[in-house]
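Spelled out, the chains give:
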Amino acid sequence: MTDLFSKFDPLIEQREALLETGVTDPFNLVMEKVESPTVAICNGKRTILLGTYNYMGMTFDPDVVAAGKQALDEFGSGTTGSRVLNGTYAGHRAVEQALKDFYAMDHAMVFSTGYQANLGVISTIAGKEDYIVLDIDSHASIYDGCAMGNAQIVPFRHNDIEALEKRLKRIPEGAGKLVVLEGVYSMMGDVAPLKEMVAVSRANGAMVLVDEAHSMGFIGEHGRGVAEAQGVIDEVDFIIGTFSKSVGTVGGFCVSNHPKLEILRLVCRPYVFTASLPPSVVATAATSIRKLMDSADKRAHLWENSKRLHAGLRQLGFTLGTDEPQSAIIAVIMPDLEKGAAMWEALLNEGLYVNLARPPATPAGMTLLRCSLCALHTDDQVGEILGMFAAAGRATGCIS
Amino acid sequence: MSDRAETYAKIVELIEPFNKKGVAITEATRFAQDLEWDSLTVLDFVANVEDEFDVIISMNMQAEIETVGQLVDALQRLTAARD
């Protein structure tokens, strides 16, 4: 019998070799208690959280938590059904209305996760004779959406406007075209040149889908994302987003002005063939989304945090993913996985949690320490974080 | 030179800048196993081939192409379909 697991042997060996060095397993951390959006107890130690997607710090908002509790009491713990059968409650409609109001768009469709939103929309709207043109650094959920459908998949070099245009021009006349872009790319924290890319896509007759998972609530005047910030949101056909980042719970969505969007509720398999979100989750999401509409002060503070951490880390001598802060994500580039894991552990010992990111999630085989800031990180905490990076960086020889 | 021989010669020329191991190229040379290219190298190489021949080689097509010879055949088909 062939062991089907033998294909994982190289990864098992790499992992064992890393753990043999005595380093704490970076992919097995348990948060024993969570005190706030920015502090948890890990291994009995108070730890500042700098590796969550809780950009706007909504997870402990009293109104959000109260809405969830009320929904639990009034609607129970789960729907036990698909959105198209018994799984649409008043709360599901209410959160879709909140999204329509937030984005000022005609239609909103809520999925059980952001991953499923990309999987469902991309695989369903692009059919056999169609072409999907996408950035090579696209998220796994976008690639999986492509793999699940039957369209021709054409990648182009990251954020390269000319490469996108060349490919669009070569697509046979008459074929359907979908360009898939992200507002913020989550590994390096860099932003796409959406203004130019959306214009090029429209000029070549393509529909445009933008994943704004990492920009919602924070980037753009109303927090609608990079497309809003660059003034092209009206030219984008579909925006995909998630509740698991700034909104502070779990779930995914597509908002659009396309007059026929509602038909997707009947033909999109990742929407139909799964249970809908629990009532407490949609209630927390709706409350959070409505509060995010009115969060200009928090957005301003988050930008301050991002700028200060970026400048501070640079001054300490770390190599960062972007020359200037472009989002709430700051990627610290590590020379290799061993050094990255050592630095990650040293930071944890200092009392700081960041994400260790490695291939295949990262571009160009890089190992990254990904820092994601929260609007509720205080000025003092940002100071503490920089102190911890200095100490851990010197202890591991990452900086001198 | 026949069309196919010309295409083959051009492909060999386009492989050269990415042939870090100095592998001797034949029709049977495999991109992944013999040249040991990673996904970014493949992207750059494919972009150069696409520009040279003014075609699209989608990821779906790439999945079917393992060897230099198969790429040459695919290009023959693509350019014939276009012209």
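For the structure given in this document, a descriptive report is provided here. Since we're looking at a predicted model, the values are computed, not measured.

1. Examining the environment of Val 84 of chain A
Residue and element names in this part refer to chain A.
For step 1, the next point in the chain: Structurally, Val 84 is set in the loop between α2 (62–75) and α3 (90–103).
For step 2, the next point in the chain: Spatially, the C-alpha atoms of Val 84 and Ile 171 are 36 Å apart, while their sequence positions differ by 87 residues.
For step 3, the next point in the chain: Excluding residues within four positions of it along the chain, Val 84 makes contact with Arg 265, Leu 266 and Val 272.

2. Brief notes about the nonpolar core
For step 1, the next point in the chain: Membership of the largest hydrophobic core comes to 125 residues, with the highest contact counts inside it found for Val 121, Ile 122, Ile 132, Val 133 and Val 332 of chain A.
For step 2, the next point in the chain: A domain split of this core shows at least three residues from each of domain 1 (30–56 + 296–395) and domain 2 (62–292) of chain A.
For step 3, the next point in the chain: Counting 7 residues, the second largest nonpolar core, distinct from the first, contains Tyr 8, Ile 11, Leu 71 and Leu 75 of chain B.

3. Considerations on the sheet that holds strand β11 (residues 238–242) of chain A
Residues and elements named next belong to chain A.
For step 1, the next point in the chain: Pairing is mixed across the open sheet formed by 7 strands, whose spatial order is β4-β12-β11-β10-β7-β5-β6. Of all strands in the sheet, those bounded by a partner on one side alone are β4 (107–111) and β6 (152–156). Across this sheet, the average inter-strand angle for adjacent strands is 20°, counted without regard to direction.
For step 2, the next point in the chain: Two elements, strand β5 (residues 131–135) and strand β7 (residues 177–182), share 4 bridges in a ladder whose sense is parallel.

4. Some points on the packing of helix α12 (residues 296–316) of chain A against helix α14 (residues 379–395) of chain A
All names here are of chain A.
For step 1, the next point in the chain: Relative to each other, α12 and α14 sit at 25°, their axes nearing to 10 Å. Judged by the angle between their axes, α12 and α14 are roughly parallel. Here the hand of the crossing between α12 and α14 comes out right-handed. Residues Asn 305, Arg 308, Leu 309, Gly 312, Leu 313 and Leu 316 of α12 touch α14, and the partners they reach there are Val 382, Ile 385, Leu 386, Phe 389, Ala 390 and Gly 393.
For step 2, the next point in the chain: Among the residues making up the contact of α12 with α14, the classes are represented as 8 nonpolar, 3 polar and 1 charged.

So, how was this worked out
Residues numbered from 1 in each chain as written. Chains lettered and ligands numbered in written order. Predicted model: local features only at pLDDT ≥ 70, side-chain atom pairs only at ≥ 80, totals over all residues. Helix = DSSP H or I, 4+ residues; strand = E, 2+ residues; numbered from the N terminus. Contact = placed C-beta atoms within 7 Å. Core = buried A, V, L, I, M, F, W, Y, C linked by C-beta atoms within 7 Å. Buried ≥ 20, exposed ≤ 12 C-beta atoms within 10 Å, placed from the backbone. Domains from an automatic or database assignment. Pairing = 2+ DSSP bridges. Axes fitted to C-alpha atoms, helices over the stretch in contact; angles between N-to-C directions. Parallel < 35°, antiparallel > 145°, perpendicular 65-115°, else oblique. Left-handed = near helix turned anticlockwise from the far one by under 90°. Nonpolar A, V, L, I, M, F, W, Y, C, P; charged D, E, K, R; others polar.

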